[in-house]
Amino acid sequence: NGLNGYEDGSCTGHVASLRYVPSGWGNAIGWKAGATRAGWYVGSTPKVGAIGWRGNHVVYVVAVNENTVTISEAIYRYVRYETRTIEKPISYYTYLY
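Residues numbered from 1 in each chain as written. Predicted model: local features only at pLDDT ≥ 70, side-chain atom pairs only at ≥ 80, totals over all residues. Heavy atoms only, no water.

1. Quick word on the overall build of the chain
Across its full length, the chain carries two helices and six strands. Its helices and strands in sequence order give the chain the pattern α-α-β-β-β-β-β-β, from N to C terminus. Taken over the C-alpha trace, the chain has a radius of gyration of 12 Å; the compact-globule value for 97 residues is 13 Å, and the two agree within 12%. With respect to the principal axes defined by its C-alpha atoms, the chain has extents near 35 × 30 × 20 Å. Per-residue burial over the chain gives 43% buried out of 97 residues. The long-range fraction of contacts in the chain, counting pairs at least 24 apart against all pairs at least 6 apart in sequence, stands at 44%. The positive charge centre, built from 9 side chains, and the negative charge centre, built from 6, are 8 Å apart in the chain. (Helix = DSSP H or I, 4+ residues; strand = E, 2+ residues; numbered from the N terminus. Rg over C-alpha atoms; globule rule 2.2 N^0.38 Å. Buried < 20%, exposed > 50% of the residue type's maximum accessible area, 1.4 Å probe, protein only. Contact = heavy atoms within 4.5 Å. Lys, Arg positive; Asp, Glu negative; His and termini not counted. Charge placed at Lys NZ, Arg CZ, Asp CG, Glu CD.)

Below is the structure:
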């Protein structure tokens, strides 16, 4: 079942393998609400080590430059694990710290 109950190979399992995430947040769609309930800060500024959340997908922030964010993620574009610099505004994700 993976780390803390998150499925290996899923976006949630991948993020949970890179940083602590409490069990019970469920699928990615529920992570923002889970973070809020757990007292985590939720904001629009990317930071290294933060979780990027958008809808039913979560990513791990690896690096932040002036106008770009580099993320590590699973199962995006049918690739199991990938690190890439997103081609979206840094506000594309909501960040969970």
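2. Section: the environment of Thr83
Relative to the helices and strands, Thr83 resides in strand S5 (residues 79-85). Sequence separation between Thr83 and Val21 is 62 residues, and the spatial gap between their C-alpha atoms is 20 Å. Leaving out residues up to four positions away in the same chain, Thr83 has contacts with Thr70, Ile71 and Ser72.

3. Description of the side chain of His57
With respect to the helices and strands, the residue His57 is situated in strand S3 (residues 57-64). Owing to a relative accessible area of 15%, His57 belongs among the buried residues under this scheme. In this structure the side chain of His57 is engaged in a polar contact, spanning 2.7 Å, whose partner is the side chain of Glu73. (Polar contact = N/O pair within 3.5 Å; in protein donor to acceptor, adjacent residues only side chain to side chain.)

4. Looking at the nonpolar core
Within the largest apolar cluster, 15 residues are counted, with the highest numbers of intra-cluster contacts made by Val15, Val21, Trp25, Trp31, Ile51, Val58 and Leu96. Listed by contribution, the elements that provide at least two residues to this core are helix H1 (11-18), helix H2 (31-37), strand S2 (51-54) and S3. The element best represented in this core is H1, accounting for three residues. Excluding anything up to four places from it in sequence, Trp25 contacts Tyr6, Gly30, Trp31, Gly34, Ala35, Ala38 and Trp40. Listed in part, the nine residues of the second largest apolar core include Ile71, Tyr93, Tyr95 and Tyr97. (Core = buried A, V, L, I, M, F, W, Y, C linked by side-chain atoms within 4.5 Å.)

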